[in-house]
Amino acid sequence: MFFLALRHLLSKKKQTSLTLLGIILGTAAYISISGMMLGFQTFIVDQLVNNDSHIRINAREELLTKDILNTSLFDKGTLVNWVKPPTGRKDSPYILAPSTWLDRLAKDERVTAASPQLIVQGIANYAKTTTGVSIVGSDVEKQKGVSNIEHYMLSGKFSDIGTGGNRIAVGEGLLNKMGASKGETIFLSVGKGLPEPFRIVSVFNLGVKAFDEGRIFAALNDVQKLNNTPSRISDIAIRLTDVTQAASVASTYNLISQEKVLSWDQSNEGIMSVFVTQDIIRNVMTLSILVVAGFGIYNILSLAVTHKRREIAILRSMGFEPMDIIKLFLIQGITLGFVGGLIGLLIGFSASYIMSNIEVSADRGLGGNRMIISFDYLIYLRGFVLAVLSSSFASFFPARSAGSLEPIEIIRGENS
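Residues numbered from 1 in each chain as written. Predicted model: local features only at pLDDT ≥ 70, side-chain atom pairs only at ≥ 80, totals over all residues. Heavy atoms only, no water.

**Student:** I tried to follow the nonpolar core on my own but got confused; where do I start?
**Tutor:** Among soluble globular proteins, nonpolar side chains are generally buried collectively. Residues Leu105, Ile168, Ile186, Leu188 and Ile236 are the most contacted members of the largest nonpolar core, which totals 41 residues. Per-element accounting of this core gives the leading share, six residues, to strand 2 (residues 111–126). Here Leu188 is in contact with Ile123, Ala124, Ile135, Ile168, Pro195, Glu196, Phe198, Ile216 and Leu226, once residues within four sequence places are set aside. Listed in part, the twelve residues of the second largest apolar core include Ile161, Ala169, Leu206 and Phe217. (Core = buried A, V, L, I, M, F, W, Y, C linked by side-chain atoms within 4.5 Å. Buried < 20%, exposed > 50% of the residue type's maximum accessible area, 1.4 Å probe, protein only. Helix = DSSP H or I, 4+ residues; strand = E, 2+ residues; numbered from the N terminus. Contact = heavy atoms within 4.5 Å.)

Structure (structure tokens):
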């Protein structure tokens, strides 16, 4: 049956080749486009997940309103007419009971590490250059437990900042902007008191411009002294055993605390929505190509049924059942999908490999100076399955039409 189906396909070489080309291009397009988009998404998610935290706890932001003050200051039913409505915030910029949180997290089996932090906005000054920065004070060992920043150090180690002594780790982009280098001293201030000198002991490059040009890491004690807030923390960074549980764990913690608890995906909803849009565009584009290829298969098999009515009559007269005829044409469609899918996988892999060697930046940029491509085996599996399924579906109707033909009807039609 297979060799008979193959002979039918080879009898119309031009039509078969064009249909096969459509399947190959559709599969290759799916592989290369998916690899490019998913590669970029994988890098961004890796930066968001592994270089910061899975969950972050910080002080809840709550604005003052007339209703809140009326309830707090006056008896129920008292009519209050505000000349000027209250404004401002009633929340604290610090976590009120950090020790309670740290004890709770230490007992939670889902948590692998938790790092208390004090994050303040400050000003960095070197020579005549001044720029705004975000200063992160943390416990070095605990911070290494919630992020992979140690892997992105260009010079020195993250642990070199120690537990005190005004030593800092600075992004390469910030150093280039200020004209400073490792071993030199810059002055930091947070609007409270005089600027203090901090020595640059290590340099990192995360590949994210906002981090590399605007973030400084220091020991928690040093930042607390700089901010004149001893024993205060503003954030707790958490790393989980299973990152997929981040949103669920964050929602649970939100119900039992007054602090704001957000998972990495909740705090980056804008980026995640872009990923959804990319996936929709990628799938629509690829499915459109495969639909066109499917119509090609439908066309070639429909013509084959029309042109081979006599052969079908002979086969039926020889004892072939209607189901045998259906199988004959289904095999032709599945064969086109199988062969086209395999060739498409090879071409898609080759295109992805070539793209992965294209230089897109002169420096580290997005984690390297070459285009980021994903070679996840699921991409290739889906591409092949799509090719075979679209071919099988497109060949079903012509196959059913061929199976419904009766020898006597074919002979009458040719004699009339």
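Anyway, onward from the coordinates.
**Student:** Even after reading the chapter, I still don't get the pairing of strand 9 (residues 235–240), so can you show me in this structure?
**Tutor:** On a regular strand, one side chain projects to one face of the sheet and the next to the other, so that they alternate. With respect to burial, strand 9 is a largely interior element, six of its six residues being buried. On strand 9, burial covers both faces: Asp235, Ala237 and Arg239 on one face and Ile236, Ile238 and Leu240 on the other are all buried. Here six bridges tie strand 2 to strand 9, and the two strands are oriented antiparallel to one another. Along strand 9, the bridge assignment pairs Ser115 with Ala237. (Pairing = 2+ DSSP bridges.)

**Student:** Whenever I open this one, the pattern of salt bridges confuses me. Can you help?
**Tutor:** Opposite charge on two side chains permits pairing when their charged atoms draw close. Per the counting criterion, the structure on display carries five salt bridges. Among the ionic pairs, Lys144 bridges to Glu150, the shortest N-O distance being 3.9 Å. Its relative accessible area of 30% is what places Lys144 among the partly exposed residues. Residue classification places Glu150 among the partly exposed residues on the basis of a relative accessible area of 26%. Residue Glu213 pairs with Lys177 through a salt bridge whose shortest N-O separation is 3.9 Å. One end of the pair, Glu213, is in helix 7 (residues 209–214); the other, Lys177, is in helix 6 (residues 172–178), and 36 residues separate them in sequence. Among the residues examined, Lys177 registers a relative accessible area of 41% and is labelled partly exposed. By sharing partners, the salt bridges in this structure join Glu141, Lys144 and Glu150 into a single network. (Salt bridge = Lys/Arg side-chain N within 4 Å of Asp/Glu carboxyl O.)

**Student:** Explanation requested: the pairing of strand 3 (residues 129–138) in the structure shown.
**Tutor:** For strand 3, a buried count of seven out of ten residues is recorded, marking the element as mostly surrounded by other parts of the structure. Counted between consecutive antiparallel strands, the loop separating strand 2 from strand 3 contains two residues, among which Ala127 sits at a positive phi close to 55 degrees. Of the strand pairs in this sheet, strand 3 and strand 8 (residues 215–219) are connected by five bridges, and their pairing is parallel. Pairing of Ser138 across the sheet is with Ala219, part of strand 8.

**Student:** I'm lost on a nonpolar patch on the surface in this one. Help?
**Tutor:** A surface patch of nonpolar side chains, amounting to about 380 Å² of accessible area, comprises Phe338, Val339, Leu342, Ile343 and Ile347. Relative to the helices and strands, Ile343 resides in helix 12 (residues 322–356). Overall, Ile343 belongs to the partly exposed group, its relative accessible area being 32%. (Patch = residues over 30% accessible without salt bridge, like charges linked within 9 Å, V, L, I, M, F, W, Y side chains within 5 Å. Areas by Shrake-Rupley, 256 points an atom, 1.4 Å probe, with all protein chains shown as cover.)

**Student:** Looking at this structure, how should I read helix 9 (residues 246–255)?
**Tutor:** Count 3.6 residues to each turn of an α-helix, and residues three or four apart come out pointing the same way. Among the residues of helix 9, those classed as buried are Ala246, Val249, Ala250 and Tyr253. Seen along its axis, helix 9 keeps its buried residues to an arc of 100 degrees; they face one direction. Taken together, the buried residues of helix 9 touch strand 1 (55–58), helix 4 (98–107), strand 2, strand 9 and strand 10 (260–263). (Arc of directions from axis to C-beta.)

**Student:** For this particular structure, what's the right way to read unusual backbone geometry?
**Tutor:** Apart from glycine, the bulk of residues carry a negative phi angle, and the bulk of peptide bonds sit in the trans form. In this structure, Ala127 is a non-glycine residue whose phi angle is positive, near 55 degrees. Topologically, Ala127 is positioned in the loop between strand 2 and strand 3. If you check the backbone angles, Asn228 has positive phi at about 55 degrees while not being a glycine.

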